[in-house]
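# A structural walkthrough
Here is what each chain is made of, one letter per residue.
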Amino acid sequence: MSMAMVGLIAGMGLGFAGYFGGFGAFLLVAALGAVGFVVGRFVDGDLEPGDFFRPRERDERRR
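In what follows, the accompanying structure is described. (Residues numbered from 1 in each chain as written. Predicted model: local features only at pLDDT ≥ 70, side-chain atom pairs only at ≥ 80, totals over all residues. Heavy atoms only, no water.)

### Some remarks on the packing of aromatic side chains
On inspection of all chains with the given rule, the structure shows three aromatic pairs. Centroid distance Tyr19 to Phe20: 4.9 Å. Interplanar angle 85°. Geometry classified as edge-to-face. For Tyr19, a relative accessible area of 66% translates into the label exposed. Taking the centre distance of 6.0 Å and the plane angle of 25° together, the rings of Phe23 and Phe26 count as stacked. With a gap of three residues between them, Phe23 and Phe26 both fall in helix H1 (residues 3-44), about one helical turn apart. What makes Phe23 exposed here is its relative accessible area of 59%. Put simply, the rings of Phe16, Tyr19 and Phe20 touch in pairs and so form one group of aromatic residues. (Phe/Tyr/Trp six-rings, centres within 6.5 Å; stacked < 30°, edge-to-face > 60°. Buried < 20%, exposed > 50% of the residue type's maximum accessible area, 1.4 Å probe, protein only. Helix = DSSP H or I, 4+ residues; strand = E, 2+ residues; numbered from the N terminus.)

In structure tokens:
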């Protein structure tokens, strides 16, 4: 399934939640979708748990 199709389905789901459930339902569906996306990236192996806790590398040229 292409990313455009996934985006279309997600947008339609958010639209239905906003129309039938109001703005609160829209925010809940959007937040749970974001959590599901991050969990899916962990399962696929694209993210490591340390990516969120590792300090950023600083560029020594900038001071």
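### Looking at the environment of Val38
One can find Val38 in helix H1. According to the relative accessible area criterion, Val38 is partly exposed, its value standing at 29%. Setting aside its immediate chain neighbours within four residues, Val38 contacts Leu47 and Phe52. (Contact = heavy atoms within 4.5 Å.)

### Structural notes on H1
Side chains three or four residues apart in an α-helix point the same way, a direct result of the helix having 3.6 residues per turn. In this model, H1 (42 residues) spans only 15 Å end to end at C-alpha, well below the 62 Å of a helix rising 1.5 Å per residue. Of all the bends found along H1, the most pronounced is centred on Gly21 and spans about 145°. Looking at the residues trailing H1, positive phi occurs at Gly45, about 90°. (Expected span 1.5 Å × (residues − 1). Bend = angle between axes of the 7 residues up to and from the residue.)

These values are about where atoms sit, not about what they do.
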